[in-house]
Amino acid sequence: MLATVGLSILLFGSSPAFSQSTAPVNKGLVAFGYIPANARDSTGETIGGLGSAIALKPGSFTKAADGTFKGTLVVQPDRGYNVDVTVDYQSRQHYVNFVLTPYYGSSPLSFTDAANTLKLTYKKSILYKERWGKATTGLDPLSARPAWTIDPILPVPDIQTKNRLSLDPEGLILNRDGTFWTSDEYGPYIYRFLPEGTLAYVISPPTAVIPRLGGAINFSGEIDPDSGRAANQGFEGLTVSPDGHKLYAMLQSATMQDGGTDDKTSRYARLFVYDVKLIPKLIGEYVVPLPQTAKKKKTLAQSDIHYLDGQKFLVLSRDGHGNGDDESLSDYKSVDIFDISGATDIHGTQYDNSTAVSPGGVLAADVVPATYTPFLSLIDGTQLSRFGLHNGGAFDQQLIAGKWEGTALAPCKDPEYPDDYFLFVGADNDFNTLDGTMVGQPYSTSYGSDVDNQFLVYRVTLPMVPRGSIG
């Protein structure tokens, strides 16, 4: 049983009295902040897409005597402004310092006051480079670079004229040694980078996931292949065990052969588990049933996952409605929980080759999927109104963003509630601004208005998380 508790007293910073619980509990929205849509990074380019992946910098989160918290979020945009066409945007990550002043009151804050509960300050960026120091690119990979030494076949825009690694980064994991993992949609692959942003290693998924069109590998994100991951439905979710030894990557929705040809049959997404202590090795694979809309049964694809205890994981599933979309009213944006403890491990079976695990959206009889439980809605009107936000209605600065894609956890450091955590959630604004710069050129979004980089922070109780594993 998952629970939600009300917030009824007016408090900034200090924690109110909560009831104790042995089940996961959503204690409500406690902070909101944003970085303006027209902000620039250290290269002079527009800061956008920040919520595509977010992670808490190890060791940065601290609590002050006044009940406020400080830390650094490392945020990773995707492939740049691509509302019309993909661009030659070099992948990167940004360091954003924050001051969190949790608000536990029930009285609505003004939008201005609400935005002060999470103050965000851009600090620096790290640009991603591949082999031979070449800049990565966000351009659609219409070609493939042959396998070479330790690298598999890699996506590139054009093997003859632009032989550079194409990345559409989505997941981000920060290692204690300064290296980091990122997962992408094009391959879909998982890449390990050195601290300064240079490519070190590539993990290739099983054959069943590699996109093929007419029998040949086709990495394009603009065309659905015949088999493998669907276009723009690659490794959206990436998380890791606390010791850094197990990496978990999850497809945004089903592969083409598993029902990915239609959003009414694409709910069975695959989760892959890798042992990365030494040479990465696939050690587990599970099927996760994503939620579907009540009326039309359309799959609500996932945008991020977060490790809880090795069996249970947070998962962010949503529609795309809200600021940045043509429809302002969202029906589902939720951070939920799935559990693989009773699920069938299909790694190394026929399902890693040409056999579909859920042809036409019907799961194979010999496969037990993970269990999926709704937990925390991002579109709860009562919670949003406390911070001057709304779901549906006017397309203004207070409208909740359409594309929430990143999650991070930090301990509340409350001795009375040792199982309480702050859940940070970040949105991808698709670089939508009327005053943008990309690849040295000014642009004004065809969307027609600015969409800020929004962040929400919730307080949650997660008893299954081993104490001390998140810091």
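What counts as what
Residues numbered from 1 in each chain as written. Predicted model: local features only at pLDDT ≥ 70, side-chain atom pairs only at ≥ 80, totals over all residues. Heavy atoms only, no water. Helix = DSSP H or I, 4+ residues; strand = E, 2+ residues; numbered from the N terminus. Rg over C-alpha atoms; globule rule 2.2 N^0.38 Å. Buried < 20%, exposed > 50% of the residue type's maximum accessible area, 1.4 Å probe, protein only. Contact = heavy atoms within 4.5 Å. Areas by Shrake-Rupley, 256 points an atom, 1.4 Å probe, with all protein chains shown as cover. Pairing = 2+ DSSP bridges. Axes fitted to C-alpha atoms, helices over the stretch in contact; angles between N-to-C directions. 1 Å grid on protein atoms, 1.4 Å probe; cavity = no way out; pocket = protein on both sides within 12 Å on 5 of 7 lines; lining within 4 Å. Points joined across faces, edges and corners; volume = space filled by probe spheres on them. Nonpolar A, V, L, I, M, F, W, Y, C, P; charged D, E, K, R; others polar. pLDDT = per-residue confidence, 0-100. Core = buried A, V, L, I, M, F, W, Y, C linked by side-chain atoms within 4.5 Å. Phe/Tyr/Trp six-rings, centres within 6.5 Å; stacked < 30°, edge-to-face > 60°. Lys NZ or Arg CZ within 6 Å of the ring centre and 35° of its normal.

Undergrad: I'm lost on the overall build of the protein chain in this one. Help?
TA: A tally of regular secondary structure across the protein chain gives two helices and 28 strands. Computed over C-alpha atoms, the radius of gyration of the protein chain comes to 21 Å, within 12% of the 23 Å expected from 2.2 N^0.38 for 471 residues, which places it in the range of a compact globule. Along the first, second and third principal axes, the C-alpha set of the protein chain runs to 60 × 55 × 45 Å. Counting only residues that meet the buried cut, the protein chain has 59% of its 471 residues in that class. For the protein chain, contacts bridging at least 24 residues in sequence account for 64% of all contacts bridging at least 6. Approximately 17300 Å² of the protein chain is accessible, and the part contributed by carbon and sulfur atoms is 52%.

Undergrad: Can you help me understand the sheet that holds strand E13 (residues 199-203) in this one?
TA: Hydrogen bonds between backbone atoms are what pair the strands of a sheet, whose relative direction is either parallel or antiparallel. With respect to topology, four strands assemble into an open sheet ordered E10-E11-E12-E13, the strand pairing being antiparallel. Where the open sheet ends on each side, the last strands, each with one partner, are strand E10 (169-174) and E13. Taking the axes of each pair of neighbouring strands and ignoring which way they run, one obtains an average angle of 20° across the sheet.

Undergrad: Please explain the layout of surface pockets as it appears in this structure.
TA: Here the largest pocket defines a volume of roughly 1000 Å³. Forming the walls of the largest pocket are 43 residues, and the residues nearest its centre are Gln233, Gln252, Arg318, Gly320 and Lys403. Here the residues of the lining of the largest pocket are counted per class, giving five nonpolar, 19 polar and 19 charged. Forming the walls of the second largest pocket are 32 residues, and the residues nearest its centre are Leu56, Leu174, Val240, His306 and Ser469. Looking at the lining of the second largest pocket, the elements with two or more residues in it are strand E3 (54-56), E10, strand E16 (235-240), strand E20 (302-307) and strand E24 (404-411).

Undergrad: Whenever I open this one, the confidence of the model for the protein chain confuses me. Can you help?
TA: A low pLDDT means the predicted coordinates there should not be read in detail. On average, residues of the protein chain carry a pLDDT of 95, and 96% of them reach 70 or more. Scored below 50 in pLDDT, residues 4-10 shows 23 contacts in the model against residues more than four places distant or in partner chains.

Undergrad: It is not clear to me how the nonpolar core should be interpreted in this structure. Could you clarify?
TA: In terms of nonpolar packing, the biggest core is built from 34 residues, with Trp404, Leu423, Tyr458 and Leu462 touching the most fellow members. Among the secondary structure elements, those contributing two or more residues to this core are strand E2 (25-35), helix H1 (111-115), strand E21 (312-318), strand E22 (333-339), strand E23 (371-377), E24, strand E25 (420-427) and strand E28 (453-461). In terms of residue count, the dominant contributor to this core is E25 (four residues).

Undergrad: I keep staring at the packing of aromatic side chains and nothing clicks. Help me out?
TA: Given two aromatic rings, their pairing is described by the distance between the two centres and the angle made by the two planes. Enumeration over the complete set of coordinates arrives at 23 aromatic pairs. Taken together, the aromatic side chains of Tyr128, Phe180, Tyr189, Tyr191, Phe193 and Phe219 make up a single cluster linked through ring pairs. Just above the ring of Tyr95 sits the side chain of Lys124; from NZ or CZ to the centre is 4.6 Å.

Undergrad: Quick question: what am I supposed to make of the environment of Pro169 here?
TA: Locating Pro169 in the fold gives a position in strand E10. Accessibility expressed as a relative area gives 1% for Pro169, which makes it buried. Sequence-wise, Pro169 and Ala55 are 114 residues apart; in three dimensions their C-alpha atoms are separated by 14 Å. Sequence-distant contacts of Pro169, that is, excluding residues within four places in its chain, are made with Ser52, Gln76, Pro77, Asp78, Arg79, Ser91, Thr182, Ser183 and Asp184.

Undergrad: Help me understand unusual backbone geometry in this model?
TA: When glycine is set aside, most residues are seen to have a negative phi, and most peptide bonds are trans. Following Gly187, the chain continues to Pro188 via a peptide bond in cis, the omega torsion being -5°. Relative to the helices and strands, Pro188 is located in the loop between strand E11 (180-184) and strand E12 (190-193). One non-glycine residue, Lys297, lies in the positive phi region at around 60°. Within the fold, Lys297 resides in the loop between strand E19 (281-289) and E20. Despite not being glycine, Asp430 shows a phi value in the positive range, around 60°. You can see Asp430 is positioned in the loop between E25 and strand E26 (436-438). Asp430 gets classed as buried once you look at its relative accessible area, which sits at 18%.

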